[in-house]
Amino acid sequence: MSDKLVPPDGPIGAEPETPVCARHSDRPTRLRCTRCDRPACPDCLREAAVGLQCVDCVNEGKRSVRTARTLVGAEVSNGRPIVTLVLIALNVLAYVVTVFQSGSPMNNDRAGLFSATSMVPELTAQGEWWRVLTSGFMHFGLIHLALNTAVLYVVGQHVEQELGKLRFVAVYFLSLLGGSASAFYFGTVCQELAGASGAVFGLMGALLILWKRQRRDISTIVVVVGINLVSNLFTNASLLGHLGGFVIGGLLTLAMVRAPAQNRNLYQIAAVAAAVVLLCGMFWLRATELDTAAEVIAEISRTCRPN
């Protein structure tokens, strides 16, 4: 008679006990996290670069991974340029309204909305200050709109990706105001201004700075800016408005890029505040020169006298 050998873990053919999820004790599972090797149910597992990881390991990995940032400190993102698309939509919407009011896609400047929101320096000096901003969404005809929105889409998506949404909004609108301030301060009071050109030139100035710092080829940007500035000499476009937007956009982006990593946000906020003070000062000084309605009328008669 011989003794029957019994395996130490139990009889041959017996099923081993199924482990339970480390986070849910009532859920048996044979799945495990590839990082910590703990049992985990399907609800507690996430796809990783290699295999599946439990939610605890995934969260720990996120905390330990340093977020990639751009030159100005914005988080690196490859998403859609949401702000750029919204700005294009606002410009198109404003144009559609003026076309509907005027009944003409090319002579939409006859619309009531256009007359109430375009940049008319003498009216602005008399207190209609909203025009310095709203004029950036008005356009003289379809071609004017198409050119500005096309450049805005091409340049805007690159700048938005580098600056991030908040900084991009600051550069865009301060460039827009920079164009208005330049035309208002240095120009005559008899020229009606409209269009997103100042803001668009500001974005081109921003892109020029960003690509220069990244040691990328900037020849294309330089050529495009040069052609547009030269073309101003043969059209009714505002050279002062374009230059003002370009300078503000470029300088503000340069300040953001060169801000030290320590207290970067504080330095960048200070740069934005300085730009606001400068532009407000230009508007105020010019308005002071045109302090009364009589001075405005005198300026118009003197500078807008037909040849």
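Attention in this report is confined to the structure presented alongside it. (Residues numbered from 1 in each chain as written. Predicted model: local features only at pLDDT ≥ 70, side-chain atom pairs only at ≥ 80, totals over all residues. Heavy atoms only, no water.)

1. A few points about the nonpolar core
The condition that has to hold: Definition of nonpolar core: a set of buried residues of the types Ala, Val, Leu, Ile, Met, Phe, Trp, Tyr and Cys, connected through side-chain atoms within 4.5 Å. For every residue, the accessible area (1.4 Å probe, protein chains only) is compared with the maximum for its type, and the residue is labelled buried under 20%, exposed over 50%, or partly exposed between those bounds. Segments assigned H or I by DSSP are reported as helices when at least four residues long, segments assigned E as strands when at least two residues long, and all are numbered from the N terminus. Pairs of residues are marked as contacts when any of their non-hydrogen atoms sit within 4.5 Å.
With 51 residues, the main nonpolar core has Val159, Tyr172 and Leu203 as its most contacted residues. For this core, the elements supplying multiple residues, two or more each, are helix H2 (82–102), helix H6 (141–163), helix H7 (165–186), helix H8 (197–213), helix H9 (219–231), helix H10 (239–258) and helix H11 (264–289). By residue number, the principal contributor to this core is H8, which donates ten residues. The contact partners of Leu203, leaving out residues within four places of it in the chain, are Leu152, Val155, Gly156, Val159, Phe168, Val171 and Tyr172.

2. Examining a nonpolar patch on the surface
For the record, the criterion: A patch consists of residues whose relative accessible area exceeds 30% and which take part in no salt bridge; residues with like charges are grouped when within 9 Å of each other, and nonpolar side chains (Val, Leu, Ile, Met, Phe, Trp, Tyr) when within 5 Å. Shrake-Rupley sampling with a 1.4 Å probe provides the accessible areas, and residues are treated as covered by the protein chains on show and by no other component. Whenever a carboxyl oxygen of Asp or Glu lies within 4 Å of a side-chain nitrogen of Lys or Arg, that contact is scored as a salt bridge.
On the surface, Met106, Leu142, Ile143 and Leu147 cluster together to form a nonpolar patch covering roughly 410 Å² of accessible area. Along the chain, Leu142 falls in helix H6. On the accessibility criterion, Leu142 (43% relative accessible area) is partly exposed.

3. Thoughts on the packing of H2 against H7
Each pair of packed helices can be described by the angle between their axes along with the distance between the axes. Here is the rule: Axes here refer to lines fitted to C-alpha atoms; in helices the fit is confined to the stretch in contact. Angles between the N-to-C directions go from 0 to 180 degrees. Oblique is the label for any angle not covered by the other classes, which are roughly parallel (under 35 degrees), roughly antiparallel (over 145) and roughly perpendicular (65 to 115). Any residue that is not Ala, Val, Leu, Ile, Met, Phe, Trp, Tyr, Cys, Pro, Asp, Glu, Lys or Arg is counted as polar, Gly included; the first ten are nonpolar and the last four charged.
Contact geometry for H2 and H7: axes closest at 10 Å, N-to-C directions at 40°. Classed by the angle they form, the pair H2 and H7 counts as oblique. Note on element contacts: H7 touches H2 through Lys165, Phe168, Val169, Tyr172 and Phe173, opposite Ile82, Val83, Thr84, Leu87 and Asn91. Per-class residue counts for the contact of H2 with H7 are seven nonpolar, two polar and one charged.

4. Comments concerning the packing of H10 against H11
Selection criterion: Helix crossings fall into two classes, left-handed where the near helix is turned counterclockwise from the far one by less than a right angle and right-handed where it is turned clockwise.
Packing of H10 against H11 brings their axes to within 9 Å, and their N-to-C directions diverge by 155°. When the interaxial angle is binned, H10 and H11 end up roughly antiparallel. Relative to H11, H10 is oriented so that their crossing is right-handed. Each of Ile248, Leu252, Ala255 and Met256 in H10 lies in contact with H11, whose residues at this interface are Gln268, Ala271, Val272, Leu278 and Leu279. Tallied by class, the residues present in the contact of H10 with H11 amount to eight nonpolar, one polar and no charged.

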